[in-house]
Amino acid sequence: MGARLGIVLALALALAAGSVAESAWSRARRAVPELRRADLELTAGQGALLGVLGGFRPLLADLTWIRAYVRWERRDRGCEALLRLACLLDPHATAFWENRANMVGLDMAHWEIRARGGYLKVSPADQQAAFHRFAHKALEGIEEGVPVARRPSALLVLGGYLSETKLGDPLRAAAYYRRAHETPPAPWYCAYFVGRLLKDAGQTREAYAYLREVWQRELSGQRDGSPTELAFLRRIEAELRLPPALRIPRQEWEEGEWWVR
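Remember, it's a predicted structure, so these values are computed and weren't measured experimentally.

*Asks:* Can you break down the overall build of the protein chain residue by residue, with the values?
*Replies:* Across its full length, the protein chain carries twelve helices and zero strands. For the protein chain, the N- to C-terminal ordering of α and β elements is α-α-α-α-α-α-α-α-α-α-α-α. Here the protein chain holds 261 residues, and 41% of them are scored as buried. Taking as baseline every contact in the protein chain between residues at least 6 positions apart, the subset at least 24 positions apart corresponds to 57%. About 15,000 Å² of surface is accessible on the protein chain, with carbon and sulfur atoms providing 57% of the total.

*Asks:* Break down the side chain of Glu254 for me, with residues and values.
*Replies:* Among the structural elements, Glu254 can be located in the segment after α12 (227-240). Owing to a relative accessible area of 11%, Glu254 belongs among the buried residues under this scheme. In terms of polar contacts, Glu254 uses its side chain to reach the side chain of Arg234, at 2.7 Å. Among residues more than four places away in sequence, those in contact with Glu254 are Leu230, Arg234 and Pro249.

*Asks:* How would you sum up the nonpolar core? Please name residues and give values.
*Replies:* Residues Phe96, Trp97, Ile142 and Leu211 are the most contacted members of the largest nonpolar core, which totals 64 residues. For this core, the leading source of residues is helix α6 (residues 94-115), giving nine residues. Setting aside residues up to four positions removed in sequence, Trp97 forms contacts with Cys87, Leu88, Pro91, Gly141, Glu144, Gly145, Val148, Ala149 and Leu155.

Conventions we followed
Within each chain, residue numbers correspond to sequence positions counted from 1 in written order. Residue-level local features of this predicted model are given only where pLDDT is at least 70; pairs of side-chain atoms are given and counted only at 80 or more, and the full residue set underlies all totals for whole chains, interfaces and linings. Note that water and hydrogens are dropped before the side-chain values are worked out from all heavy atoms of the structure. For helices the rule is a DSSP run of H or I covering at least 4 residues; for strands it is a run of E covering at least 2, with both sets numbered from the N terminus onward. Summary of the burial criterion: residues with accessible area below 20% of their type's maximum are buried, those above 50% are exposed, and those between are partly exposed, where the area comes from a 1.4 Å probe applied to protein chains only. Whether two residues are in contact is decided by their heavy atoms, any of which lying within 4.5 Å being enough. Calculation of accessible area relied on Shrake-Rupley with a 1.4 Å probe; when residues are assessed, cover is drawn exclusively from the protein chains displayed. Any pair of nitrogen or oxygen atoms within 3.5 Å is treated as a polar contact; in protein, a donor-acceptor pairing is required on top of that, and neighbouring residues in sequence qualify only through side-chain atoms on both sides. Nonpolar cores were defined as sets of buried Ala, Val, Leu, Ile, Met, Phe, Trp, Tyr and Cys residues, with membership established by side-chain atoms within 4.5 Å.

Structure below.
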């Protein structure tokens with residue numbers, strides 16, 4: 001009798017757990033990107049579909065990431081699809097999206113150049129084309145992750161870095177840093193980078209207008225007064241030869257005759 005009762009209780013608990021898991025999975029799947037059959041067929045390998053249908057997406061994501069990492073260490077382009085699958089399986093994991101963008105945007109162009117004979121055999125133009133192509137792929141992945149990652153500002157900062165260093169596009173980079181600044185929690189330097197990149201693109205007045213507004217609204221009230229940003233604004237004021245009346249009023253902690261330069 002006791003054994004039968006134990007079996008009945010075990011079955012009841014299993015049914016209850018299954019009901020809770022199914023309910024949780026139904027709610028969770030609405031908050032994550034839809035997995036297409038092609039994604040699974042191309043990248044998941046045996047057992048992945050069973051794992052997804054069973055609701056073990058975070059665990060399966062970790063295992064998929066490990067598999068992708070092993071291939072990445074071998075410089076195997078097959079890791080690319082696995083990296084994306086891991087992101088889709090656990091879309092809130094910012095680290096997956098961030099590391100995927102780094103691997104694609106920073107590493108794979110080097111792999112291609114080496115596979116084609118190395119830097120002495122591949123022309124500078126072809127090298128640049130490879131860096132641009134993989135940077136664009138990385139940015140596509142970043143845009144895919146921004147709506148679902150827990151810390152999208154980290155992805156937007158990386159988008160700015162890739163746009164500046166790999167694409168040589170300061171305006172695109174400035175746009176990414178501006179989005180990052182508007183997406184808390186954002187690193188302190190985002191607004192400053194927007195101003196710097198706009199100036200690098202020849203938009204000096206736009207850089208001054210943007211950073212001055214941010215400095216006055218958000219940064220001037222901080223304990224140190226954000227001297228890096230203010231010093232940058234002072235250099236632009238001098239470059240534009242703004243009269244004292246149009247410059248930011250002198251702060252008590254500033255040194256030097258800033259108004260006569």
